[in-house]
Amino acid sequence: MDIHPSITTDRVLEALQVDDYRGFCISCGFEQSGCEPDARGYPCESCGESAVYGAEELLFMLEP
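Values in this document were obtained by computation on a predicted structure and should not be read as measured data.

> Just checking my understanding: could you explain the side chain of Arg11 for this structure?
Residue position: Arg11 is located in helix H1 (residues 9-18). In terms of polar contacts, Arg11 uses its side chain to reach the side chain of Glu31, at 3.2 Å. Non-local contacts of Arg11, meaning those with residues more than four positions away in its chain, are made with Ser6, Phe24, Gly29, Phe30 and Glu31.

Dropping the structure here:
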């Protein structure tokens, strides 16, 4: 699974620290609010793809 290059571990960790239910579209890199931490495949408000994942879920997907 390809993850947009703008989604970095630092960016995801920052979202987790703020704790405001942010998710990220792995297709276009858009930051989306209102996502459960374990969200998978939510529709993206920017590009329309079903590719938004919660920040906690993304931590498991990102390579170290």
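> What is the right way to look at the sheet that holds strand S2 (residues 31-32) in this model?
Hydrogen bonding along the main chain pairs the strands of a sheet, whether they run parallel or antiparallel. Strands sit in the order S2-S1-S4-S3 across an open sheet of four strands; the sheet is antiparallel. The open sheet is flanked by S2 and strand S3 (42-43), the only strands paired with a single partner. Inspection of the sheet shows S3 paired to strand S4 (residues 50-54) by two bridges, in the antiparallel sense. Across the sheet, the residue bridging to Pro43 is Ser50, located in S4.

> Help me understand a negative patch on the surface, please; the structure alone is not making it clear to me.
Judged by side-chain charge, Asp19, Glu36, Asp38 and Glu56 come together as a negatively charged surface patch. Mapping Glu56 onto the fold places it in helix H2 (residues 55-61). According to the relative accessible area criterion, Glu56 is partly exposed, its value standing at 43%.

Calculation rules
- Residues numbered from 1 in each chain as written.
- Predicted model: local features only at pLDDT ≥ 70, side-chain atom pairs only at ≥ 80, totals over all residues.
- Heavy atoms only, no water.
- Helix = DSSP H or I, 4+ residues; strand = E, 2+ residues; numbered from the N terminus.
- Polar contact = N/O pair within 3.5 Å; in protein donor to acceptor, adjacent residues only side chain to side chain.
- Contact = heavy atoms within 4.5 Å.
- Pairing = 2+ DSSP bridges.
- Patch = residues over 30% accessible without salt bridge, like charges linked within 9 Å, V, L, I, M, F, W, Y side chains within 5 Å.
- Areas by Shrake-Rupley, 256 points an atom, 1.4 Å probe, with all protein chains shown as cover.
- Salt bridge = Lys/Arg side-chain N within 4 Å of Asp/Glu carboxyl O.
- Lys, Arg positive; Asp, Glu negative; His and termini not counted.
- Charge placed at Lys NZ, Arg CZ, Asp CG, Glu CD.
- Buried < 20%, exposed > 50% of the residue type's maximum accessible area, 1.4 Å probe, protein only.

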